[in-house]
Amino acid sequence: MKVVLQNLTKIFPSRNKKANEEVIAVNDFTFEIPDGKLIGLLGPSGCGKSTTLYMISGLQKPTGGRIFFGDDDVTELSPENRGIGLVFQNYALYPHMTVKQNILFPLQNLKGADKMDKDVMLERAYQAAKLVQIDELMDRKPSELSGGQQQRVAIARALVKMPKVLLLDEPLSNLDARLRLQTREEIRRIQKETGITTIFVTHDQEEAMSISDMIVVMKLGVLQQIGKPQEVYDDPANLFVAKFLGTPPINVFAGEVKGGKLYLGEDAVLDVPGVDDRKVTVGIRPEGFVPAENGAMVCNLSNVEVMGRDVSVVSTHPASLNPQIRSIVDADNKIADAATVRFALKPHKVFLFDAETEERIRF
């Protein structure tokens, strides 16, 4: 099911009646979610991603704009009539019910032409449980399950109605590191097997990039960039996107372009043809540094961390806007035990941004 958001806006009234300052949670959001894809809504806390999800689900009504499922305008439809499955961050399971009863609950509430007989409901419940690999736990109660198992029950309950759209609101945030990895792989497997259009909300860029067909990066209710995860990482539209994606994060410097060359401090470190002379903010990915005896960029060496196949070189530079620079280089590179380290830069891993607007400057 294709989902189309047209100029979607959500404004909350001010809590301070005297100030009367409205809060714009989502601002003129327009986006088409292709049929059968898994989309990651990504951004820091307070960026409007969960509010967007709740408007798609019908739990919150937009202040402006329209929502379409396929060709149908569902903006005014109630949640139960939209054909959505919703999984919350805190699982929201009924503690007094067994796993089977929790999964059956949405089917038991169907009325009219959608009402099912008991055998069909049971078959559907077991199919959903088997899909998320909890079919052997049907007689247990939520308190007898691990966090990962409870999350699977919540997903099965959302899937049992065979929804047109599956909505996941930070479904992994309550799990430990190992379970997060395992469960996100399961979510991807389930989405591929079912082919259900899925929208996955997270503040964790690694989660979003690892399982999404496309990511949507948001900041303060405004859409920043849409694209395939690797494309957004390799070609950020602005400084916010560049800084938000990547582990370790991008290294940021104050720089200047003079005569077609990029200067960091006193050193010309890269040719940037076609860029006017100006002050710039420079982002260099950790993997963009190449140790070189005659490298143009000279950094003060702080530490070398051996990580097996890679080495993390920690250094400083007068033009750096971060306390430390972290460069990830191949372990085959032998870093000399010296006061300084020299780097050449990979041009496609260096990004220039306007010093004031933070928009990308291409070269």
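The structure presented is a predicted model; accordingly, all values stated were derived computationally and were not measured.

A. Broad picture of the sheet that holds strand β10 (residues 222-227). Ordered in space as β6-β7-β8-β3-β9-β10, the six strands form an open sheet in which the pairing is mixed. Across the chains shown, the open sheet's two edge strands, defined by having one partner strand only, are β6 (84-87) and β10. On average, adjacent strands in this sheet sit at an angle of 15 degrees to one another, irrespective of strand direction. Relative to β10, strand β9 (residues 214-219) is paired through five bridges, and the arrangement is antiparallel. Counterpart to M218 in the pairing with β10 is L223. Relative to the sheet, helix α1 (residues 49-57) contacts β3 (38-42), β6, β7 (165-169), β8 (197-202) and β9, its axis offset from that of β7 by approximately 150 degrees. Running over the sheet, helix α5 (residues 177-194) touches β3, β7 and β8 and is turned about 140 degrees from β3.

B. Quick peek at the pairing of β6. Every second residue of β6 is oriented toward a common face, with I84 and L86 on one face and G85 and V87 on the other, all of them buried. The pairing of β6 with β7 spans four bridges and is parallel. When the sheet's bridge partners are listed, V87 is paired in β7 with L168.

C. Molecular detail of the environment of K279. As for its placement among the helices and strands, K279 is situated in strand β14 (residues 278-284). On the accessibility criterion, K279 (57% relative accessible area) is exposed. For the pair formed by K279 and E32, sequence separation is 247 residues and the distance between their alpha carbons is 37 Å. Among residues more than four places away in sequence, those in contact with K279 are G255, E256 and A355.

D. View of the packing of helix α2 (residues 99-108) against helix α4 (residues 147-159). As a packed pair, α2 and α4 sit with axes 7 Å apart at the nearest point and diverge in direction by 30 degrees. In this view, α2 runs roughly parallel relative to α4, as classed from their interaxial angle. The chirality of how α2 crosses α4 is right-handed. Contacts from V99, N102, I103 and P106 of α2 reach α4 at V153, A156 and R157. For the contact of α2 with α4, the class distribution of residues is five nonpolar, one polar and one charged.

Calculation notes
- Residues numbered from 1 in each chain as written.
- Predicted model: local features only at pLDDT ≥ 70, side-chain atom pairs only at ≥ 80, totals over all residues.
- Heavy atoms only, no water.
- Pairing = 2+ DSSP bridges.
- Helix = DSSP H or I, 4+ residues; strand = E, 2+ residues; numbered from the N terminus.
- Axes fitted to C-alpha atoms, helices over the stretch in contact; angles between N-to-C directions.
- Contact = heavy atoms within 4.5 Å.
- Buried < 20%, exposed > 50% of the residue type's maximum accessible area, 1.4 Å probe, protein only.
- Parallel < 35°, antiparallel > 145°, perpendicular 65-115°, else oblique.
- Left-handed = near helix turned anticlockwise from the far one by under 90°.
- Nonpolar A, V, L, I, M, F, W, Y, C, P; charged D, E, K, R; others polar.

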